[in-house]
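What follows is each chain in one-letter form.
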Amino acid sequence: MAWREISTIDEWNALVAKSTERGQVILKHSTTCPVSANALHEYEQYLKDSPNADVDYTLVKVIESRPVSNQIAEDLSVKHESPQIIFVKDKAKYWSATHWAVTKAHMTAVLD
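Notes on the structure follow.

Rules and cut-offs
Residues numbered from 1 in each chain as written. Predicted model: local features only at pLDDT ≥ 70, side-chain atom pairs only at ≥ 80, totals over all residues. Heavy atoms only, no water. Phe/Tyr/Trp six-rings, centres within 6.5 Å; stacked < 30°, edge-to-face > 60°. Helix = DSSP H or I, 4+ residues; strand = E, 2+ residues; numbered from the N terminus. Lys NZ or Arg CZ within 6 Å of the ring centre and 35° of its normal. Axes fitted to C-alpha atoms, helices over the stretch in contact; angles between N-to-C directions. Parallel < 35°, antiparallel > 145°, perpendicular 65-115°, else oblique. Left-handed = near helix turned anticlockwise from the far one by under 90°. Contact = heavy atoms within 4.5 Å. Nonpolar A, V, L, I, M, F, W, Y, C, P; charged D, E, K, R; others polar.

### Quick word on the packing of aromatic side chains
At step 1: Within the structure shown, the criterion is met by three aromatic pairs.
At step 2: Ring centres of Tyr43 and Tyr57 lie 6.4 Å apart, and the angle between their planes is 65°; this geometry places the pair in the edge-to-face category. Residue Tyr43 is located in helix 2 (residues 34–48), and its partner Tyr57 is located in strand 3 (residues 55–61); the two are separated by 14 residues in the primary sequence.
At step 3: Grouped by ring-pair contacts, the aromatic residues Tyr43, Tyr46 and Tyr57 constitute a single cluster.
At step 4: Of note, Lys89 hangs over the ring of Tyr94, and the distance from its end group to the ring centre comes to 4.0 Å.

Next up, the structure:
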């Protein structure tokens, strides 16, 4: 399974709306941060195994798509951090983790 990248507020709004039908996982990723590179690797490792097929997986680059990243923080009432993984259900944050807690094992425990 693969993730898709979003870069507009309209795409974010559509993702939030869809969270009433399917879980949505968003990885907020900084392309300049080594901790974020590790989180992206863990995210991709999770997706290579047997990810929860009832969830959609998304990536937001926090530098390149700053307005989207800021809107996520505002809409979900979460402090902006990077890397940060957020599981959205029914238009609300269900779970999140940041920095070194973004691991394949942690994702498996929560999502599977």
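There is more to say after this.
### Brief notes about the packing of helix 2 against helix 4 (residues 104–111)
At step 1: At a minimum axis separation of 8 Å, helix 2 and helix 4 run at an interaxial angle of 50°. By the angle between their axes, helix 2 is oblique relative to helix 4. Once helix 2 is placed against helix 4, the crossing between them reads as right-handed. Taking contact as the criterion, the partners of Glu42, Tyr43, Gln45 and Tyr46 in helix 2 are, on helix 4, Lys104, Met107, Thr108 and Leu111.
At step 2: A per-class count over the contact of helix 2 with helix 4 returns four nonpolar, two polar and two charged.

All we've got here are geometric facts, nothing functional implied.
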